[in-house]
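Examining the three-dimensional arrangement
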Amino acid sequence: MTTLELSQVTVRFGGVVAVDGVTLRHDTGGVVGLIGPNGAGKTTLLNALSGVGRLTSGQIRLDGQVVSGLTADKVARHGVARTFQNLQLFGSLTVLENVLVPQLPGHWASALAGIFGLPSGRRMHREVRATAAGLLDQVGLTPYADTVASSLPYGLQRRVEIARALAGRPRVLLLDEPLAGLSRSESVDLTDLFAKLAADGMTVVLVEHDVASVMSVSSRVLVLDRGALLADGTPAQVTADPAVRTAYLGEEE
Ligand SMILES: Nc1ncnc2c1ncn2[C@@H]1O[C@H](COP(=O)(O)OP(=O)(O)OP(=O)(O)O)[C@@H](O)[C@H]1O
Ligand SMILES: [Mg+2]
């Protein structure tokens, strides 16, 4: 069981209040959809949750432990992983290597150089490889293990990024627009993967403009509007909320 608690989380950039006093609690697993118009503060909130960006005020706790104020590395060690709005893969490395690299200690280049030399390094390499192979299997990339990442279709590159995020065995996985630029069938396949991860007990926070996909896979949907939480409920509740329909779904009242 994982509990994520945000209290009065606020992030300002100069005069801009990007995230404005967000307070919520989420217990155990499921896909939590996070939607809202451009500039609503979704990425800023993910940055705050992952330690990539600082909070101006407020607090974030994971299973009771305060994680706000920690560096991204430390937050990751607490079990929070993320992907980015823009793909950040090692394009010239294979799919397997992309998943393997972040598991290596220290700077990846020197680590790789050292590892392929010494016997103890080789053994570690085997273990790391086995873990990476398991992750590829989990996201359906086993057939592409030795393919150079940049040569894959975009939808599969997205999976590589997710496999890499899973390498840290996260309890909370933060995804920033993972469906952007995907075909309909790629979106459906990836959404199925999120459902599977959530069914295994992971909390998957899904930031996405594809509202239909969010509604189909989420057990809870949060709507941000100008940094503040406008709505919070099941997909049905949020879809029916007049404030959401006016502010976000663009409907006339
Ligand atoms: N580093 C920054 N410096 C200054 N302002 C920023 C910075 N990052 C974000 N902002 C501002 O904070 C607000 C929220 O931006 P954010 O990127 O979090 O929105 P978003 O909901 O992710 O939007 P999108 O759907 O377009 O990705 C915007 O007004 C944005 O211009
Ligand atoms: Mg964003």
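Further remarks concern the sheet that holds strand E7 (residues 172-176). Strand order across the open sheet formed by six strands is E6-E7-E8-E3-E9-E10, with mixed pairing between neighbours. Each edge of the open sheet carries a strand with a single partner, namely strand E6 (80-82) and strand E10 (228-233). Adjacent strand axes in the sheet meet at a mean angle of 20° when their direction is disregarded. Here five bridges tie E7 to strand E8 (residues 203-207), and the two strands are oriented parallel to one another. Bridged to valine 172 within E8 is threonine 203. Sheet strands in contact with helix H1 (residues 42-50) are strand E3 (30-35), E6, E7, E8 and strand E9 (220-225), and its direction is about 150° off that of E7.

In this section: the site of ligand 1. By nearness alone, every residue bordering ligand 1 is listed as Phe13, Val16, Ala18, Gly36, Asn38, Gly39, Ala40, Gly41, Lys42, Thr43 and Thr44. Examining the composition of the shell around ligand 1, we find that three residues originate from one element, H1, more than from any other.

With respect to the helices, strands and loops of the structure, serine 219 is situated in the loop between helix H8 (211-217) and E9. As a C-alpha pair, serine 219 and glycine 233 span 14 residues in sequence and 8.3 Å in three-dimensional space. Residues in contact with serine 219, not counting those within four places in the same chain, are Gly30 and Val31.

With that settled, the discussion passes to unusual backbone geometry. Look at aspartate 63: it is not a glycine, yet its phi comes out positive at around 50°. Its location among the elements puts aspartate 63 in the loop between strand E4 (57-62) and strand E5 (65-66). You will see that arginine 169, though not glycine, has its phi angle at about 45°, which is positive. Relative to the helices and strands, arginine 169 resides in the loop between helix H6 (154-166) and E7. Residue arginine 169 is classed as exposed on the basis of its 10 C-beta neighbours within 10 Å.

Attention now goes to the sheet that holds strand E1 (residues 3-13). Pairing within the open sheet is antiparallel, and its four strands lie in the order E2-E1-E4-E5. Pairing within the sheet leaves two strands with one partner each, and these edge strands are strand E2 (16-27) and E5. The sheet contact formed by E1 and E2 spans eight bridges and is antiparallel. From the neighbouring strand, leucine 4 faces E2, where its bridge partner is histidine 26. Relative to the sheet, H1 contacts E1, E2 and E4, its axis offset from that of E2 by approximately 60°.

Parameters at a glance
Residues numbered from 1 in each chain as written. Chains lettered and ligands numbered in written order. Predicted model: local features only at pLDDT ≥ 70, side-chain atom pairs only at ≥ 80, totals over all residues. Pairing = 2+ DSSP bridges. Helix = DSSP H or I, 4+ residues; strand = E, 2+ residues; numbered from the N terminus. Axes fitted to C-alpha atoms, helices over the stretch in contact; angles between N-to-C directions. Contact = placed C-beta atoms within 7 Å. Near = placed C-beta within 6 Å. Buried ≥ 20, exposed ≤ 12 C-beta atoms within 10 Å, placed from the backbone.

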